[in-house]
Structure formats: structure tokens, C-alpha cells
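Spelled out from the first residue to the last, the chains are:
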Amino acid sequence: MAWNRESDHTKGTCVIGLGRIGLPLALLLARDRNVIGVDIDEDHVDSLQAGELPFSEPGLETLFDAAGDSFEAHTEIPDDSQETYVIVTPTPLEPETRVADLSAVRGAAEAVANVLTPGNMVVLESTVPPGTSKQVVIPTLAEELDPAEFGYAHCPERALPGNTVEEMVTNHRVIGATDGTSLNDARDLYSFVEGSIHPTDPTTAEFVKLIENTYRDVNIAAANEFAKLAERNGIDGRSAIDLANKHPRVNILTPGPGVGGHCLPIDPQFLTQLTNESRMIGVAREINSSMPAHTLGLVRELLDGEPNRRLTVLGVAYKGDVSDIRETPASRFYRLARNEGYDVRLHDPHVEEYEYELSPFEEAVEGSDCLVVLADHTEYHRLPVERIGELMRGAAIIDTRGLIQERRWTDAGFRIRILGDGRQARGFDATRLHEQQPES
Ligand code: SAJ
């Protein structure tokens, strides 16, 4: 039986988890209601209380400044009941078992259960294995109440890191609600969304989120496999992909040094952790995880396997123009290269904290034998080739993102390898590139 609840904004909204999704969401909601944000990280909360943002996203500062008293950050859920609770806590993989770690979601649900009163609404945004809402979250919330006494919906977020605020507003949204009243309450919560709302049940919504990211991971794996095949066939794989994408029903993504972030490397495993029926999803993960080693193979080829060489990694973030280093392929590349005896210097203009030492640009480049571009940061689109040539010991560059203007480097005497481009491997003279490129 649906419980007829009136939406009461005056009773406020509590967002639990103020990370890269939770904080932008809380600040968007604060535009038309009082929002209490909760996070277990005291430093994180202290920064917010001091008026500082713990990370940057386009438009986030504006939202933060506009929120004023409508947004407060705390480390505990308030004792007084809120109209709506939104759980946006992380769901990493347990390192050893590679199984979804639901402890933060479970902990948030237990804390909400302690203060939940009839008529409240609970929304789970965290990405979870299919069935988690029904088997874990709702039963935990229903500690004291009957499930029909509160509303519930799973509303997965699909905003793109690096453009989170805009996409939270413009993207279409899936809402997996338990009943019609919950759907209406969720529609009210997401009234800031300009995209269309697509209702379904909680388990289907959980599944939809996972297949979105798994589809992307598999597509990238196809691009990476095509890149390896293009190298073997002595052609420019990126150009081939661009041409194939001229087909009205082909959309091959871009090869790279591997797939990072807290989603694509992890979400496919939420789908497959309970089964051995899936092969393609696992193979795609293996292909993407093999790209750091493939990149090191390009280095080895370019430096003719010479030992004791120094490499300079440009970009440790998991992708261009973000500061996020979670599951970044750069870490795997670094460890493989160090194990092979290379001295590796690291530079990234967007990352402040990393597990390995970062160097300022010229320090990272000085005395290096080979540059390895791993993240497609805007800063790397027009590198100072002449200055770099003065600083380096060698003259080689590996580009895994298709960023560099080849002629600038070959004219400066550099040997180049672009991931997915087999022309250089076949002794192709890059200085004659313009002769080889058909007029576009
Ligand atoms: N990558 C490639 N080639 C490509 C695209 C990406 O190698 O053509 C790499 C990137 O360099 C990066 C990784 O894949 O290392 C993931 O980057 P991404 O931009 O594809 O995705 P995320 O992880 O930043 O955001 C994804 C998005 N999901 C989809 O596009 C289906 C986003 O919409 C989700 O909200 C987000 O995951 C999430 O948090 O789930």
C-alpha cells in the first residue's frame, strides 16, 4: 500500500557522502531547500565549513557560494528527522576478493534507520550490484519501520567527472522507485534535472547503471584491441577508427594507456561477481588492464631496450583535465617501468597528491631519455618542444593519447611512437607524414 506523503521541504534533505557526486548534488539541491551534508571525513567537513572546496569541478564554486546557509556540512547525521535522505557513499572493490565493498552504503543505511520516521524518503545514488536495494539497503532501513512506511528509490548518477554539475542537470535520469509515491518524491527531489525522467524498479535501475559503464569499458577495449592490430599492420589506428566512425552505425571509442577512474574499472565486476557466465566483460577488462604494459613495450622498442634509461611520465590522472588518480593506469605503468629498471619521473599539473613523487615540469623532463604522455591534459597539447629538447638527454616521445603534432617533434629530431600507430614501427619516416596523409 502506497503511503501518501506530502513533500515537506521545510523538514530538509540530508545528503550522506560529500564526494565528487554527493557534494555537487547537495549544492544543486540547496538551491531550493535546506540541505545537511554528512561525511565521515572530518578534514573534508572542516574544509567545507571553512568555505573551501575539497576538489574542483566547473560550476561547483558558483553553487557553493550561492548555497550560503542552505547548506551545512557535518560528520554525523542530524538527530531530528529529515524529509529526505540521499545516500551517495563510495562502493569500491575489496582489494583481495575483488567483490563490491558495501560497508559504506550499509553504514549509511544503518545510521539513517536510527532516525527514519514514517513518511520519510530514502534515495540511494551509490553504484551497487543488482539486488542490493532489495536485499541489503531496504531491509537495513526497515529496522524499526515497515518498508511501506517510508519511500525508497535507487537513482544512479551518470554525470561525467570533469563536467559533473552540468551533466547532473542536463542528463536524462533513471529512477528505480518501490512505489508511485516514492517515484513522485524522487521526481520532486530531482526537479532540478532538465533531462527526462525514466521510471523503473530499483533492481533494474542498479542494472542499468552497471551496463552503461560496462558498455563503455567494452567499447574502449575494442578500440585498444584495434590499436594493437593497427600497430601490427603498420597503419594509423586512430585514423582508421575515425574513418570507421563515418559509418552511420559505428561509434568506436579512442585507444589509450588503460582505463582508470572509480567506475569503469570497477562497475563491470559488480555485474559479473556472482556468475561465471560472462566472458566478454572479463576479457575486455583484461585488454584494458594490459595497456600500461603495451605502452611500456612501445618505450622498450623506441629505446631499443637500452637499460638504465630515464622516463618522464606526463599525466598521472586517470584522464585529461581531472585531478582524480583513482585506478589510474599511470600507477600500473610506473610500477612496471620501475620493475624493468627504468628511472621514472612524474609530472601532472592537475594532481597535488599521488602515491609516487611528482616533479615540476622542467625537473621531470631534465635528463630524460623518453617522454610518455599518459593523460590528455590540455597543458600537453602544445608542449615547448625546443625547451624540452634542451633539457632531455635523449629525444624520444611516446604519445598514448594522440595529442602531439608529429611534425613539430620530428623536425626537432625526436623519435616518436603514437599508441595505435604502426607506421613508425615499420621504419616509417614521420617527416614525410604530410606526403602520406590523403587530403581530408
Ligand atoms: N577512456 C579511453 N578511451 C575513451 C574514453 C575513455 O581510454 O574513448 C579512458 C579514460 O582515459 C579513463 C577511463 O577510460 O581512464 C574512464 O574515462 P571516461 O571519461 O570514459 O569515464 P569516467 O569514468 O570519467 O565516467 C564514466 C561515465 N560513464 C559513461 O560515460 C557510460 C560517466 O557518465 C559516469 O557517471 C561515471 O563513469 C561514473 O561515475 O559512473
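Residues numbered from 1 in each chain as written. Predicted model: local features only at pLDDT ≥ 70, side-chain atom pairs only at ≥ 80, totals over all residues. Heavy atoms only, no water.

1. Focus on the site of the ligand
Worth spelling out the cut-off: Summary of the distance rule: residues count as near a molecule or strand when at least one heavy atom falls within 4 Å of that molecule or strand. Polar contact is the term for a pair of N or O atoms within 3.5 Å; when the atoms are in protein, one must be able to donate a hydrogen and the other to accept it, and sequence-neighboring residues count only if both atoms are side-chain atoms. Residue burial considers only the protein chains on display, and all accessible areas are found by Shrake-Rupley using a 1.4 Å probe. Asp, Glu, Lys and Arg are counted as charged, while Ala, Val, Leu, Ile, Met, Phe, Trp, Tyr, Cys and Pro are counted as nonpolar; the rest, among them Gly, fall into the polar class.
Within the structure, the ligand sits among 21 residues, and R158, K209, R216, C263 and Y318 are positioned closest to it. Here an oxygen atom of the ligand and a backbone polar atom of R158 are 2.7 Å apart. R216 is positioned with one of its side-chain polar atoms (N or O) 2.5 Å from an oxygen atom of the ligand. Summarising the interface, the protein chains cover 89% of the accessible area of the ligand, which totals 770 Å² for the free molecule. Here the residues of the shell around the ligand sort into nine nonpolar, five polar and seven charged.

2. With respect to the pattern of salt bridges
Quick reminder of the rule: Whenever Lys or Arg places a side-chain nitrogen within 4 Å of a carboxyl oxygen from Asp or Glu, that contact is recorded as a salt bridge. Helical segments are the DSSP runs of H or I of at least four residues, strand segments are the runs of E of at least two, and each set is numbered from the N terminus. Throughout, exposure labels follow a simple rule: accessible area from a 1.4 Å probe, protein chains only, divided by the maximum for the residue type, with under 20% read as buried, over 50% as exposed, and the rest as partly exposed.
Applying the stated criterion across every chain yields a total of 21 salt bridges. Notably, a salt bridge pairs E212 with R158, separated by 2.2 Å at the nearest N-O pair. One end of the pair, E212, is in helix 8 (residues 202–232); the other, R158, is in the loop between strand 6 (151–154) and helix 6 (164–170), with 54 residues separating them in the sequence. Of the residues examined, R158 reaches a relative accessible area of 28% and is grouped as partly exposed. Residues R387 and E362 are paired through a salt bridge, measuring 2.9 Å at the closest nitrogen-oxygen approach. Of this pair, R387 sits in helix 15 (residues 385–391) while E362 is found in helix 14 (residues 361–365), placing the two residues 25 residues apart along the sequence. Residue classification places E362 among the partly exposed residues on the basis of a relative accessible area of 35%. Within the structure, one salt-bridge network assembled from shared partners comprises D236, E406, D421 and R423.

3. Thoughts on the environment of A223
Using the following cut-off: Any two residues whose heavy atoms approach within 4.5 Å are treated as being in contact.
Take A223: it is sitting in helix 8. In sequence terms A223 and P92 are 131 residues apart; their C-alpha atoms lie 26 Å from each other. If we skip the residues at most four places from it in the chain, A223 touches I241, I252, L253, T254 and P255.

4. A word on the pairing of strand 13 (residues 415–418)
For clarity, the cut-off: We call two strands paired when DSSP finds no fewer than two bridges between them. Convention used here: a crossover is right-handed provided that the path from the first strand, over the helix, to the second strand proceeds clockwise when the strands point away from the viewer.
With four bridges joining them, strand 12 (residues 396–399) and strand 13 adopt parallel strand pairing. Bridging from a neighbouring strand, D399 pairs with I418 of strand 13. Remark: the strand 12/helix 16 (residues 406–411)/strand 13 crossover connection has right-handed handedness.

5. Examining the sheet that holds strand 13
We count it as follows: What counts as an axis is a line fitted to C-alpha atoms, over the stretch in contact for a helix, and the angles between N-to-C directions run from 0 to 180 degrees.
Taken together, the five strands give an open sheet; going across it, the order is 10-9-11-12-13, and neighbouring strands pair in parallel fashion. The outermost strands of the open sheet, each flanked by one partner alone, are strand 10 (343–347) and strand 13. With strand direction ignored, the average angle separating the axes of adjacent strands in the sheet is 20°. Sheet topology note: the strand 11 (residues 370–373)/strand 12 ladder contains three bridges and is parallel. Paired with V372 across the strands is I398, a residue of strand 12.

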